[in-house]
Amino acid sequence: MAAGWAAAATVVALAASSSPLLAQDNGTVRSAGGMVSSQQWIASEVGAEVLARGGNAVDAAIATGFALAVTHPTAGNIGGGGFMVVRFPDGRTTSLDFREKAPLAAHPEMWLDEDGGYSSERHHNSHLAVGVPGTVAGFDKAHRLYGSADWVDLVQPSVDLAARGFELSEALAGSITRFANGRGSRYEASVATFTNAGEAYGAGETWRQPELARALERIRDEGRDGFYRGETARLITEEMRRGGGIITEEDLERYQARERTPIHGTYRGYDVISMPPPSSGGVAIVTMLNILEAFDLRTMGHNSPEYVHHVSEAMRRAFRDRARYLADVDFADVPVRKLTSKEHATWLRRDIDPERASISHPTDVAAPYESPETTHYSVVDADGMAVSVTYTLEYGYGSGIVVPGAGFLLNNEMGDFNAGPGLTNARGLIGTEANLARPEQRMLSSMSPSIVARDGELVAVVGTPGGRTIINTTLQLILNLIDFGMDVQEAVDAPRFHHQWLPDRIRIEGDGFAPGTVEALEALGHRVQAGGRQGSANSIGIDPVTGERIGAPDPRSADAGARGSDAPGGGR
Ligand code: DON
């Protein structure tokens, strides 16, 4: 985990140059119409244009998602997977699960090498680490069920962006160059995609991705068949055979996105709607809110030692449940109703000592590494339909493998399965049963796209990347809005912290907490680690007075931006 945190800090620090947190223009955008807030402003613009042409929030979410696959390659994708939570203007809600799944030939011991030892390389950095992608099936299903615009119009802007190219920002030029020189250098097609014939791209240069453009054209013309069948499917399986992977034509053919009932919790009179398993996020967030409802957080003061202590104790308990119980519900019995009940929270709360940190007992589970690269975006349309999407390739640039001839990166999401039966150890491997790799099982996720409402009215659309920190960042966004009455940009900007049961420590954003906070927490018995930044929570709030949509991009991401459908060109 330390490695993950350090990597996250590096990525964000490089992306944001040397500017201290919150030193940038905050980029808030207001619109009386629709709004898109994402980690890459060009993609927000694509979504806002769909809204301006009369598309609904699902249409805009699909168009934004395809655009991020072109403009935000660390996490935007067609070769990965994710989740979409939707709230309709009449208050109904739904969610789409387009998480990757294990190929048919997967098995719990597939991460062991010839000598029977666990191989992190196989698990995270090989063709075996690639899960059957879900994004295109998810967008296709979302469009069939709830879209209103023509599919072609949702994909074409991304075809254009890939074919004609777009101007590289300093942050993106630096990021793709580091990737091409690093993990990407193992694969010819990755180097070809992310360099200019072997030369590093610089800021201000135009980056074209012709093979990706053709892959997107096939999706534009044939929908999901343009990815899971035909030329793209052939290119994926060819690369699998070449590199020792196991995804077959049958795996691609059989992939299905699923519509699932969202997790619904209540907190101080608000409704919180979030992602159900195979995400652990919705369950954990509702568990923590239920625990915290009994405490007067506002009186404690935002980010005071007392507040951080109580919230961390709630995090500790929810993450212990996560490790014990959560996995793909189609394969494991997950007691969702119990875990999200007020009674369970009362039981969890009983041993929170206001004066003393609890101790995490690594009885039979521990915490594996999770990478910091994923992306979250939020959409609200003029009618009040709200869409919250988090999707990912797992690591930044996923497996690092660009499909030759198709120009897109494959995920390494299989790394979210546990290491192998009985492999739990003190160094952080997990070997518990429920989340082992099995044919067609979906790997456990932390992604938590969420929506907050009150008295039937939309309040905010929130979420973030950040591996396991996703759950806690999303929790804090909700607490900032509800307990501290922050507006959505303040809620996004506010410094964050994270506790995940094991390792037993609180990580706080280094430059945001009042002097003395670390010492005060240490005096309560906590271990505290300061440094790095947590997440990129590109969110939208609704102005309670005017009803305007307030797009709040996260200042932690250099290229993030919000765009309103009636104010294109605004924001960062
Ligand atoms: O699904 C998950 O929880 C992880 N694969 C997400 C990875 C991630 O969030 C990286 N984020 N920035």
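As the structure is a computational prediction, the values presented were derived from the model and not from experiment.

This paragraph deals with the side chain of Asp 416. Mapping Asp 416 onto the fold places it in the loop between β11 (386-392) and β12 (450-454). Polar side-chain contacts of Asp 416 include one of 2.7 Å to the side chain of Arg 99.

Quick look at empty space enclosed by the protein now. For the structure on display, the rule yields three cavities of 30 Å³ or more. Its volume calculated, the largest cavity comes out at about 100 Å³. Around the largest cavity, the lining comprises 15 residues; the ones closest to its centre are Ala 69, Pro 73, Gly 407, Phe 408 and Leu 409. Within the lining of the largest cavity, the residues separate by chemical class into nine nonpolar, six polar and no charged.

On to the sheet that holds strand β9 (residues 270-274). With antiparallel pairing, seven strands are arranged side by side in an open sheet as β1-β18-β17-β13-β12-β9-β8. The two strands at the open ends of the sheet, each matched to only one other strand, are β1 (29-31) and β8 (263-267). Put simply, the sheet's adjacent strands are angled 20° from each other on average, direction ignored. Bridging between strand β13 (residues 457-462) and strand β17 (residues 539-542) involves two bridges; their strand directions are antiparallel. The partner of Ala 460 across the bridge, within β17, is Gly 541. The sheet strands contacting helix α13 (residues 281-292) are β8, β9 and β12, and the helix crosses β8 at an angle near 15°. Helix α18 (residues 469-482) rests against β8, β9, β12, β13 and β17 of the sheet, and its axis sits at about 140° to β13.

In this model, the second largest pocket occupies a volume close to 380 Å³. What lines the second largest pocket is a set of 18 residues, and nearest its centre among them are Tyr 270, Val 459, Ile 542, Asp 543 and Pro 544. When residues of the lining of the second largest pocket are traced back to their parent elements, those giving at least two are β13, α18 and β17. Per-element tally for the lining of the second largest pocket: the top contributor is β13, with four residues. Across the lining of the second largest pocket, the residue classes break down as 11 nonpolar, three polar and four charged.

A word on the pattern of salt bridges. Should the charged atoms of two oppositely charged side chains come close, the side chains can pair. For the structure on display, the rule yields 36 salt bridges. Across the pair Asp 97 and Arg 442 runs a salt bridge, and its minimum N-O distance is 3.0 Å. Taken as a pair, Asp 97 in strand β4 (residues 93-98) and Arg 442 in the loop between β11 and β12 lie far apart in primary sequence, 345 residues in all. Like Asp 97, the residue Arg 442 is buried in the burial classification. Ionic pairing is found between Glu 114 and Arg 122, a salt bridge with its closest N-O pair at 2.9 Å. A relative accessible area of 23% places Arg 122 in the partly exposed class.

For the rest of this paragraph, the subject is helix α3 (residues 57-71). Across its 15 residues, α3 extends 20 Å between first and last C-alpha, which sits within 8% of the 21 Å expected from 1.5 Å per residue. Its side-chain oxygen placed 3.0 Å from the backbone nitrogen of Val 58, Asn 56 serves as the N-cap of α3.

Reading across the sheet, the three strands line up as β14-β15-β16 and stay open at both edges, with mixed pairing between neighbours. Edge positions in the open sheet fall to β14 (497-498) and β16 (528-530), since each of these has one partner strand only. Sheet topology note: the β14/strand β15 (residues 506-508) ladder contains two bridges and is antiparallel. Counted as the bridge partner of Phe 497 is Ile 508 from β15.

So, about unusual backbone geometry. Of the consecutive residues Pro 277 and Pro 278, the connecting peptide bond is found in the cis state with omega at 15°. Residue placement: Pro 278 occurs in the loop between β9 and α13. Geometrically, the link from Leu 502 to Pro 503 is a cis peptide bond, its omega value of -5° lying close to zero. Structurally, the position occupied by Pro 503 is in the loop between β14 and β15. A positive phi angle, near 50°, is found at Ala 197, a position not held by glycine. Relative to the assigned elements, Ala 197 resides in the loop between α8 (188-194) and β6 (206-207). Residue Ala 197 is classed as exposed on the basis of its relative accessible area, which comes to 76%. For Trp 501, which is not glycine, the phi dihedral falls at a positive 75°. On the secondary structure map, Trp 501 appears in the loop between β14 and β15.

We now examine the pairing of β12. Side chains on a regular strand alternate between the two faces of the sheet. Among the five residues in β12, four count as buried, and that is most of the element. Relative to β13, β12 is paired through five bridges, and the arrangement is antiparallel. Residue pairing across strands places Val 452 opposite Ala 460, the latter belonging to β13. The turn linking β12 back onto β13 is made up of two residues, and Asp 455 within it adopts a positive phi angle of 50°.

Reading the values: rules and limits
- Residues numbered from 1 in each chain as written.
- Predicted model: local features only at pLDDT ≥ 70, side-chain atom pairs only at ≥ 80, totals over all residues.
- Heavy atoms only, no water.
- Helix = DSSP H or I, 4+ residues; strand = E, 2+ residues; numbered from the N terminus.
- Polar contact = N/O pair within 3.5 Å; in protein donor to acceptor, adjacent residues only side chain to side chain.
- 1 Å grid on protein atoms, 1.4 Å probe; cavity = no way out; pocket = protein on both sides within 12 Å on 5 of 7 lines; lining within 4 Å.
- Points joined across faces, edges and corners; volume = space filled by probe spheres on them.
- Nonpolar A, V, L, I, M, F, W, Y, C, P; charged D, E, K, R; others polar.
- Pairing = 2+ DSSP bridges.
- Axes fitted to C-alpha atoms, helices over the stretch in contact; angles between N-to-C directions.
- Contact = heavy atoms within 4.5 Å.
- Salt bridge = Lys/Arg side-chain N within 4 Å of Asp/Glu carboxyl O.
- Buried < 20%, exposed > 50% of the residue type's maximum accessible area, 1.4 Å probe, protein only.
- Expected span 1.5 Å × (residues − 1).

Fair warning: the whole summary comes from geometry, so function is off the table for now.
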